[in-house]
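Summary of structural features
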Amino acid sequence: VSQWEQPPELHEGRAPFWRIDGVGEHTSFSIYVDQIEPVNLGRRQLGNQFRNISRAQAVLWCDANGLLAIKSQGFNPTSILSAGDSSWAQLFNGMKRALGPGDAIALDPSYRDGTKFLVTPTPEGHEHLAKLAAGVGLSEAQLTARTALASPRPSGGKVGDERTDEALADSPSSLAA
C-alpha cells in the first residue's frame, strides 16, 4: 500500500493521524501522514506541467506527539492558509511550521486554486488530538495553534533554531507552555 491510498491495515499497529485532501483542480487525491515516515508532496504527484512546483516541494511529518508539520523545500515558496484566516503565508525553502485541522496548503502560490490541499485529522487523529489537548488543559485549536513560521510545533524551535529536522521531530514538546 502506498502513502497515496487509504491504508487497509494499521502501519506498525498505528493508523495515520492526518489526511491531506486535494481540493484543487489538479489535486483530486488524498495522502495520509503517520508518525512512521515523512511524506513528500510536489510535482511528482501533480505532473510535469507544473514547472513552478519542485519535484519535492514540501515534506509533511508528525512529531513525537502526533502533531503535523510542514517544511517547504522547493525553489518557489509553498503557501499556507491557517484555518479561519483570510491571507496566505509563504513558506520559503527551509521554513517549517505546524499545521492543524482546516489549514490549507497550496504548492504553487501563483495557482493556489489548482494546487490546493486541505489538512484533516483522520478519526484516529481526531481522537488522539482530543486526548492530547485534554491532557495538557488546552483546546484542540490551542494545541495546534500556529507559531513562528520556522516552528514545527506549538512550543518548538524559533526562527534561527539550528537543531536538525530529526531533532525537532523527536524532541518532546512542552505543550502546556
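Structural notes, computed from the coordinates. (Residues numbered from 1 in each chain as written. Predicted model: local features only at pLDDT ≥ 70, side-chain atom pairs only at ≥ 80, totals over all residues. Heavy atoms only, no water.)

1. Description of the side chain of Ser82
- Along the polypeptide, Ser82 turns up in the loop between β6 (78-81) and β7 (89-91).
- The class for Ser82 is buried, based on a relative accessible area of 8%.
- Reaching out from Ser82, the side chain makes a polar contact with the side chain of Arg97 at a distance of 3.1 Å. (Helix = DSSP H or I, 4+ residues; strand = E, 2+ residues; numbered from the N terminus. Buried < 20%, exposed > 50% of the residue type's maximum accessible area, 1.4 Å probe, protein only. Polar contact = N/O pair within 3.5 Å; in protein donor to acceptor, adjacent residues only side chain to side chain.)

2. As for empty space enclosed by the protein
- By the definition in use, this model includes one cavity of 30 Å³ or more.
- Here the largest cavity defines a volume of roughly 30 Å³.
- As for the largest cavity, its lining consists of Arg14, Ala15, Pro16, Phe17, Asp34, Gln35 and Ile36.
- Partitioning the lining of the largest cavity into residue classes produces four nonpolar, one polar and two charged. (1 Å grid on protein atoms, 1.4 Å probe; cavity = no way out; pocket = protein on both sides within 12 Å on 5 of 7 lines; lining within 4 Å. Points joined across faces, edges and corners; volume = space filled by probe spheres on them. Nonpolar A, V, L, I, M, F, W, Y, C, P; charged D, E, K, R; others polar.)

3. Notes on the sheet that holds strand β4 (residues 58-62)
- One open sheet holds the four strands; their spatial order is β3-β4-β5-β8, and the pairing between them is antiparallel. Either end of the sheet is taken by a strand with one partner, and the two such strands are β3 (39-41) and β8 (96-99). When strand polarity is set aside, the average angle formed by the axes of neighbouring strands in this sheet is 25 degrees.
- As defined by bridge partners, β3 adjoins β4 across three bridges and the pair is classed as antiparallel. By the bridge assignment for β4, Asn40 is matched with Val59. (Pairing = 2+ DSSP bridges. Axes fitted to C-alpha atoms, helices over the stretch in contact; angles between N-to-C directions.)

4. Considering the nonpolar core
- Ile20, Leu60 and Ile105 are the most contacted members of the largest nonpolar core, which totals 27 residues.
- Sorting the residues of this core by element identifies β1 (18-22), β2 (30-33), β3, β4, β5 (68-72), β10 (116-121) and α2 (123-135) as the ones contributing at least two each.
- If we ignore the near neighbours within four places in the chain, the residues touching Leu60 are Ile20, Ile31, Val33, Pro38, Val39, Leu41, Leu68, Ala69, Ile70, Leu99 and Ile105. (Core = buried A, V, L, I, M, F, W, Y, C linked by side-chain atoms within 4.5 Å. Contact = heavy atoms within 4.5 Å.)

5. Section: α2
- The terminal C-alpha atoms of α2 lie 18 Å apart, and with 13 residues this matches the ideal 18 Å at 1.5 Å per residue to within 8%.
- Restricting attention to buried positions, one finds in α2 the residues Gly125, Leu129, Leu132 and Ala133. Summarising the axial view, the buried residues of α2 lie within an arc of 95 degrees, below the 170-degree limit, and thus occupy one face. Of the residues in α2, the exposed ones pointing more than 90 degrees away from the buried face are Pro123, Lys131, Ala134 and Gly135.
- Residues of α2 that are buried in the fold lie against β1, β10 and α3 (140-143).
- After α2 finishes, the residue Gly137 shows a positive phi value of roughly 70 degrees. (Expected span 1.5 Å × (residues − 1). Arc of directions from axis to C-beta.)

6. Topic: the sheet that holds β7
- Strand order in the open sheet formed by six strands is β2-β1-β10-β9-β6-β7, and the pairing between neighbours is antiparallel. Strand pairing shows two members of the sheet lacking a second neighbour, β2 and β7, which therefore form its edges. Across the sheet, the axes of successive neighbouring strands diverge by a mean angle of 25 degrees, strand direction being ignored.
- Of the pairings in the sheet, the one linking β6 to strand β9 (residues 104-106) comprises three bridges and is antiparallel in character.

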